[in-house]
Amino acid sequence: MEIRIGVQNVAREVVIESDATNEDVARLVSDALSDGGTLRLKDTKGRLVLVPAAIIGYVEIGTETPRPVGFVPTPGA
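Heads up: these notes are all about the structure in this document. (Residues numbered from 1 in each chain as written. Predicted model: local features only at pLDDT ≥ 70, side-chain atom pairs only at ≥ 80, totals over all residues. Heavy atoms only, no water.)

## Observations regarding the overall build of the chain
And then number 1: For the chain, the count of helices and strands is 1 helix and 5 strands.
And then number 2: Taking all 77 residues of the chain together, the buried fraction comes to 23%.
And then number 3: Of the contacts made within the chain by residues no fewer than 6 positions apart, 52% connect residues no fewer than 24 positions apart.
And then number 4: Only carbon and sulfur atoms are counted for the fraction: they give 54% of the accessible area of the chain, which is about 5700 Å². (Helix = DSSP H or I, 4+ residues; strand = E, 2+ residues; numbered from the N terminus. Buried < 20%, exposed > 50% of the residue type's maximum accessible area, 1.4 Å probe, protein only. Contact = heavy atoms within 4.5 Å. Areas by Shrake-Rupley, 256 points an atom, 1.4 Å probe, with all protein chains shown as cover.)

Listed below in structure tokens is the structure:
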């Protein structure tokens, strides 16, 4: 699933792909924000991403269902 993290005073988002569930990511974000620590997420390639909770503007957690591959035919085509 895709996770987008908005960082305060930075124009670009931090975007990672993760195998974690929505509930796991939401819990990690909530824990980091409540204790003022660091949000620690691991991406699908095993890299660790650390974001200080004090600079998090928002976190958008994507859906767990995989995106379909291919195209949708247009009506009448």
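Next comes the rest of the account.
## Remarks on the pairing of strand E4 (residues 48–52)
And then number 1: The alternating pattern of E4 places Val49 and Val51 on a buried face and Leu48, Leu50 and Pro52 on a face that is not buried.
And then number 2: As consecutive antiparallel partners, strand E3 (residues 38–42) and E4 are separated by 5 residues, and within that stretch Gly46 has a phi angle of approximately 90 degrees, a positive value. (Pairing = 2+ DSSP bridges.)

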